[in-house]
Amino acid sequence: MTTDPSAADRAGAPGAFDVVVVGAGVVGAAIARDLAGHRLSVALVEARDDVGDGTSKANTAILHTGFDAKPGTLESRLVRRGYELLSGYAAETGIPVERVGALLVAWTDEELDALPGLRDKAAENGCTRCEIVSADEVYRQVPDLGPGALGGLTVPDESIICTWTTTLALATDARARGARVLLGHRVTGVTEGPDATVLHTTRGDVAGRWIVNAAGLGADVLDRMLGYDRFTVTPRRGELFVYDKLARPLVDRIVLPVPSSRGKGVLVSPTIYGNVMLGPTAEDLDDRTATGTSEDGFAFLLDKGRKLMPKLLEEEVTATYAGLRAAIDRGDYLIEADADRRYLLVGGIRSTGLTAGMAIAEHVHGLLAGAGLALEPRADLPAPPRMPNIGEAFTRPYQDADLIARDPEYGRVVCFCERVTAGEIRDALASPLPPAGLDGLRRRTRAMNGRCQGFFCGAEVAARLAAGAPPCASAGRPAAETKEDAR
Amino acid sequence: MTATSVLRPDVVVVGGGPAGLTAAAALAGRADVLVLDRERATGGIPRHSDHTGYGLRDLRRVMTGPAYARRLTDRALRAGAALHTEATVTGWTGERTLAVTSPRGRYEVEAKAVVLATGARERPRPARLVPGDRPAGVYTTGQLQNLVHLHHGSPGTRAVVVGGELVSWSAVVTLREAGCATVLLTTEHPSPESYAAFNAAGRTVLGVPVATRTRVVRVVGKGRVSGVEVEDTATGRRRTVDCDCVVFTGDWIPDHELARSAGLAMDAGTRGPLVDTALRTSRPGVFAAGNLLHPVDTADIAALDGRFVADRVLDHLAGGGAADPRGVPLVADAPLRWVAPGLLRPGDPAPPRGRLLLWTDELVRVPRVVLTQDGRELSHRTLPWPASPGRVFRVPWSVVRRVRPGGGPVHVGLA
Ligand SMILES: Cc1cc2nc3c(=O)[nH]c(=O)nc-3n(C[C@H](O)[C@H](O)[C@H](O)COP(=O)(O)OP(=O)(O)OC[C@H]3O[C@@H](n4cnc5c(N)ncnc54)[C@H](O)[C@@H]3O)c2cc1C
Ligand SMILES: Cc1cc2nc3c(=O)[nH]c(=O)nc-3n(C[C@H](O)[C@H](O)[C@H](O)COP(=O)(O)OP(=O)(O)OC[C@H]3O[C@@H](n4cnc5c(N)ncnc54)[C@H](O)[C@@H]3O)c2cc1C
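Residues numbered from 1 in each chain as written. Chains lettered and ligands numbered in written order. Predicted model: local features only at pLDDT ≥ 70, side-chain atom pairs only at ≥ 80, totals over all residues. Heavy atoms only, no water.

**Q** Explain the overall build of chain B here, please?
**A** Helices and strands together make up the secondary structure of chain B, namely eight helices and 29 strands. The C-alpha atoms of chain B give a radius of gyration of 22 Å, which matches the 22 Å a tight globule of 415 residues would have. By principal-axis analysis of the C-alpha atoms, chain B measures approximately 60 × 60 × 40 Å. Across the 415 residues in chain B, those meeting the buried criterion constitute 60%. For chain B, the share of sequence-separated contacts (at least 6 apart) that also reach a separation of at least 24 residues comes to 62%. Looking at chain B as shown, the accessible area adds up to about 15600 Å², and 50% of this sits on carbon and sulfur atoms. Charged side chains in chain B number 52 positive and 39 negative. The centres of these two groups are separated by 3 Å. (Helix = DSSP H or I, 4+ residues; strand = E, 2+ residues; numbered from the N terminus. Rg over C-alpha atoms; globule rule 2.2 N^0.38 Å. Buried < 20%, exposed > 50% of the residue type's maximum accessible area, 1.4 Å probe, protein only. Contact = heavy atoms within 4.5 Å. Areas by Shrake-Rupley, 256 points an atom, 1.4 Å probe, with all protein chains shown as cover. Lys, Arg positive; Asp, Glu negative; His and termini not counted. Charge placed at Lys NZ, Arg CZ, Asp CG, Glu CD.)

What follows is the structure, given as structure tokens:
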């Protein structure tokens, strides 16, 4: 929807959007949502068939307090701000968050010596509630931790969140506010005009007066298409194991190692879906599509896991996956606007982008305004979407007697391991941003994500996906709206 | 929230597979029985295992899986058992009270006795830690048979089947029916695990090349499987086999979630609940039967567990059948992986069919079974059938002799 369709025309670029955001990861979706809250026409252009299908789908899904960020950096500021913004937005939209807290554990004397410095840094970053604790206290808090811990630092506000619902909520919101979500549009070339920049995509041209590059792992490539030469993305692979829900009693909080120059290290954490996660590894690669897992990665994780929590390794692994961090050759986010060319780059959002996404959007907003984009808030904004809950700690449809009484489809369990009902699958298929395939459906509902990985339900879920949204389903309405009505 | 309704049968059976249905059929008429199954129809795994080979020992005739599933369902219904389908047990709200979700509502079932008969599943690829890409076209036999037999879908055209168990051949047959060639069957063992006769048939009649001492080290393919990398474990040589689907077969794990979430004592070997020879779990009034206890034996064996457990449940309902606390654990020594049941109590009956069930990780052609307790040999017996990996090794109960109640664990090993 173009709130002021003539704006682009007046600028001499008929059909151009006021702003085109490239990349529908958490960062791009947050930016598009923010901009679409103004009297602007906005497009969100994404190469893949679904939103949140890049790095935003495969991370450790921690809502960071930013306690260990380098004070004074843009990253530290935006992570802190993002934590606040996303916590609030999650409460509004129903993105599941659990404030489980973290315990950072020192295993060597050097690490133990580093704890006071980390606590002071945390305080500088605004985390004043962190405390250094003894080894005894470490084992009291996490009794199943492997032997050898020397002490720890508590980080009470570290939280876990659903990364899939986050991107989906932001993109759904952006769309409800009128942004055009153009999926399957890979930008392959650029032509700059006096008033607008034309992006050549695999599904035709998309023109924008302003271009925001939030292309994650592809941000440097797009930046070069526009003639810049300022940075290179190095995909840094992180592999992870997700353990069975039966392991969940072993781990009730995030257990972190002392961070090093190589990154945040291997952690053990509950997941928002009630599992336990071990990972990630950190390995620099050349191939930006190398999201496969590796023998070396698995061996490394097993070795780490054996030391961290031997009991965890007795449990079954439910899933393994890998994500690619968009690492760049500098220690901070690279966010720069070029007013003359009406272009803004968001680069190097390496390992904190899920948390910082909404704050990045706010920052981008400021930079664009400063560069001359008129940002006039709209008064007629739709309410943010209510997202279906797929978090384990909150009531899910299969548990909701009233809901089932009103709509039996919420009592028809299709995926037994994750207890996903026919009603939820139906809603996902009828939602404004429906899944493009099985993986998208998994991210929206958890179907097939459980311990049997489809032994029982795989064929049934695939059949429901193939059948698509029933014609009687409230097509075009957000899934949650439907559910809310039914509640 | 509406007040949840509560049903109060004498006995609730969780799982309407061969074990649960047979238990229900034997109990009905003598007690008020309710079977809960999460699937649309009862019958368990045989429902979608559309080939012959079911019913030999319990019904004394051989039939296809779906026919067997229907037969057991009819028998339970005719005997007077109540069957709830699409009824998923999601947890416990009391010692013998279960929470259930179904399209008819969310409800509770509070019973005097509970029989857990939730079966077993194959370990999927992630649980086997096979790295590589995450393309479509990766199945377990269960998913494959669901796809082909219940949904008439197409799995692919060229398959690699991982595992040489009985169920692996079942996968080959299903693939062939679906028009998909099995280009390779791999097993890590020196010889395929399942019955020799079946293997010969597999190799010649089905024309399937078998790679022994071979493990899958990587799945390759973006979007869709394009191949798997396999390693010859003797030489370390690796090669990539072109295929568009891969089926991970066997490598069973009990569906033990309800048992574990109840906090029942678990058997480290089978990974099912620990039971004595009366199939009692560690919680009074909670029993278990079928492949939940022995992952996995054939369906008829599971069914006969069900028939056996019915009498133990009736004892319990009549106020008898209390467990003697002087139980002695029965533990399997390598190469045996597990033994079921895992607890011997004075005064208890012989286990179902008068057999101990064991699982071996190595082929032993002429197995000599030895039982020891506190370093003392209790008995030994040389059996005329081999102990083969990939299928249950059954040992007559009569080897269990001279066990000292209150003594140390009884070890069962192969010499
Ligand atoms: C292992 C791992 C663990 C992590 N853990 C955490 C954590 O716990 N907490 C946290 O806050 N952060 C974490 N992160 C970081 C976080 O996941 C990322 O910072 C965040 O997802 C980045 O979002 P994005 O939108 O920038 O990138 P992406 O999600 O990758 O989105 C970029 C999008 O741009 C699209 N695109 C690229 N090129 C083009 C083109 N030419 N045309 C059109 N579209 C294009 C891509 O398809 C992609 O969808 C972790 C990352 C990894 C890898
Ligand atoms: C591919 C394949 C081929 C086979 N071929 C043969 C053969 O030819 N001959 C043969 O004898 N055997 C064969 N078997 C083995 C046979 O299927 C099993 O031995 C038998 O099904 C075990 O019975 P069961 O009752 O223990 O468990 P299952 O058959 O697994 O039944 C368990 C039931 O419990 C239900 N359930 C589980 N959890 C819950 C819950 N929380 N709430 C509600 N319900 C629940 C499930 O839906 C299921 O219906 C084959 C197995 C496979 C996989």
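After that view of the structure, there is still more to cover.
**Q** What exactly am I supposed to notice about empty space enclosed by the protein here?
**A** Empty space left among the atoms is revealed by rolling a probe the size of a water molecule over them. Residue and element names in this part refer to chain B. For the structure shown, the criterion picks out eight cavities of 30 Å³ or more. Looking at the second largest cavity, it is lined by 13 residues, and the ones nearest its centre are H294, D305, P352, R355 and L357. Tallied by class, residues from the lining of the second largest cavity come to nine nonpolar, one polar and three charged. Here the lining of the second largest cavity spans two domains, and each of domain 1 (5-121 + 253-323) and domain 3 (344-414) adds at least three residues to it. (1 Å grid on protein atoms, 1.4 Å probe; cavity = no way out; pocket = protein on both sides within 12 Å on 5 of 7 lines; lining within 4 Å. Points joined across faces, edges and corners; volume = space filled by probe spheres on them. Nonpolar A, V, L, I, M, F, W, Y, C, P; charged D, E, K, R; others polar. Domains from an automatic or database assignment.)

**Q** Just to check I follow, could you spell out the packing of aromatic side chains for this structure?
**A** Within a pair of aromatic rings, the relevant descriptors are the distance that separates the centres and the angle that separates the planes. With the rule as written, the count across this model stands at eight aromatic pairs over all chains. Between R426 of chain A and the ring centre of Y410 of chain A, over which it is positioned, the NZ or CZ distance is 5.3 Å. Between the NZ or CZ atom of R283 of chain B and the centre of the ring of W92 of chain B, over which it lies, the distance is 5.3 Å. (Phe/Tyr/Trp six-rings, centres within 6.5 Å; stacked < 30°, edge-to-face > 60°. Lys NZ or Arg CZ within 6 Å of the ring centre and 35° of its normal.)

**Q** Can you walk me through helix α8 (residues 299-317) of chain B in this structure?
**A** Residues and elements named next belong to chain B. Compared with the 27 Å implied by 1.5 Å per residue over 19 residues, the 27 Å span of α8 between its first and last C-alpha is a close match. Counting buried residues along α8, 14 of its 19 residues qualify, which places the element largely inside the surrounding structure. Residue G319 follows α8 closely and has a positive phi angle near 90 degrees. (Expected span 1.5 Å × (residues − 1).)

**Q** Looking at this structure, how should I read the site of ligand 1?
**A** Residues and elements named next belong to chain A. Around ligand 1, a shell composed of 36 residues is seen, among which E46, S56, T60, I62 and T355 lie nearest. A distance of 3.1 Å separates a nitrogen atom of ligand 1 from a polar backbone atom of A47. Between ligand 1 and G353 there is a distance of 2.9 Å, counted from an oxygen atom to a backbone nitrogen or oxygen. Considering ligand 1 on its own, with 1000 Å² of exposed area, one finds that the protein chains cover 95% of that surface. Contributions of two or more residues to the shell around ligand 1 are made by α2 (26-35), β18 (317-328) and α9 (353-370). Of the residues in the shell around ligand 1, the class split is 15 nonpolar, 16 polar and five charged. Two domains each put at least three residues into the shell around ligand 1: domain 1 (7-56 + 164-232 + 330-370) and domain 2 (98-159 + 237-326). (Near = heavy atom within 4 Å. Polar contact = N/O pair within 3.5 Å; in protein donor to acceptor, adjacent residues only side chain to side chain.)

**Q** Got a minute to help me understand the sheet that holds strand β8 (residues 97-102) of chain B in this structure?
**A** In any sheet, the strands associate via hydrogen bonds between backbone groups, in a parallel or an antiparallel arrangement. All names here are of chain B. One open sheet holds the four strands; their spatial order is β1-β9-β8-β7, and the pairing between them is mixed. In this open sheet, the two edge strands, each paired with only one partner strand, are β1 (5-7) and β7 (88-94). Taking the axes of each pair of neighbouring strands and ignoring which way they run, one obtains an average angle of 30 degrees across the sheet. Direction of pairing for β8 relative to strand β9 (residues 105-110): antiparallel, over a ladder of six bridges. Across the sheet, L98 pairs through a bridge with V109, a residue of β9. (Pairing = 2+ DSSP bridges. Axes fitted to C-alpha atoms, helices over the stretch in contact; angles between N-to-C directions.)

**Q** Explain the domain arrangement of chain A here, please?
**A** Many structure descriptions define interface size as the accessible area lost when the parts assemble. Residues and elements named next belong to chain A. Each domain of chain A was delimited in the assignment, giving domain 1 (7-56 + 164-232 + 330-370), domain 2 (98-159 + 237-326) and domain 3 (397-475). The centre of domain 1, based on its C-alpha atoms, is set 31 Å off from the matching centre of domain 3. Between domain 1 and domain 3, roughly 900 Å² of surface is buried when both sides are summed, and carbon and sulfur atoms account for 62% of that area. Across the domain 1-domain 3 interface, the total number found is three salt bridges. In this structure, D53 and R443 form a salt bridge, with 3.1 Å as the shortest nitrogen-oxygen distance. Put simply, domain 1 and domain 3 have three residue pairs in polar contact (both at pLDDT 80 or more) between them. For the side of domain 1 that touches domain 3, the element with the highest residue contribution is helix α6 (residues 163-176), accounting for five residues. In the side of domain 1 that touches domain 3, the residues fall into five nonpolar, two polar and four charged. (Buried area = accessible area lost by both parts, 1.4 Å probe. Salt bridge = Lys/Arg side-chain N within 4 Å of Asp/Glu carboxyl O.)

**Q** Looking at this structure, I do not really get the interface of chain B and chain A. What am I missing?
**A** Across the contact, 45 residues belong to chain B and 44 residues belong to chain A. Counting the surface lost from both chain B and chain A, the interface buries some 3900 Å², and carbon and sulfur atoms represent 54% of this. Inspection of the region where chain B meets chain A yields nine salt bridges. The partner of E257 of chain B in a salt bridge is R451 of chain A, and the shortest N-O contact between them spans 3.2 Å. The tally of links from chain B across to chain A stands at 17 residue pairs in polar contact (both at pLDDT 80 or more). Broken down by element, the residue count for the side of chain B that touches chain A peaks at four residues, all from helix α4 (residues 141-150) of chain B. Across the side of chain B that touches chain A, the residue classes break down as 15 nonpolar, 13 polar and 17 charged.

**Q** What's the story with the pairing of strand β12 (residues 204-213) of chain A in this structure? I'm lost.
**A** In summary, the side chains of a regular strand alternate between the two faces of the sheet. Residues and elements named next belong to chain A. Summarising burial for β12: eight of the ten residues are buried, a large majority. Looking at chain direction, strand β11 (residues 197-201) and β12 are connected through five bridges and run antiparallel. Paired with V198 across the strands is A207, a residue of β12. Counting the residues in the hairpin turn of β11 and β12 gives two residues. Where β12 lies against strand β20 (residues 343-347), three bridges are found, and the strand directions are parallel. Pairing of I211 across the sheet is with Y343, part of β20.

**Q** Would you mind showing me how to read the domain arrangement of chain B here?
**A** With domains assigned, chain B is organised as domain 1 (5-121 + 253-323), domain 2 (124-250) and domain 3 (344-414). The straight-line distance from the C-alpha centre of domain 2 of chain B to that of domain 3 of chain B is 33 Å.

**Q** I would appreciate a short explanation of the side chain of T88 of chain B in the present structure.
**A** Its place among the elements puts T88 of chain B in strand β7. Since its relative accessible area comes to 4%, T88 of chain B is described here as buried.

**Q** For this particular structure, what's the right way to read the site of ligand 2?
**A** All names here are of chain B. Around ligand 2, 36 residues are found, and the nearest of them are D37, G53, N291, D297 and A299. Take Y54: an N or O atom from its side chain is 3.0 Å from a nitrogen atom of ligand 2. Listed by contribution, the elements that provide at least two residues to the shell around ligand 2 are α1 (18-27), β4 (52-54), β7, α4, α5 (166-177) and α8. Broken down by element, the residue count for the shell around ligand 2 peaks at three residues, all from β4. Among the residues forming the shell around ligand 2, the class breakdown is 15 nonpolar, 17 polar and four charged.

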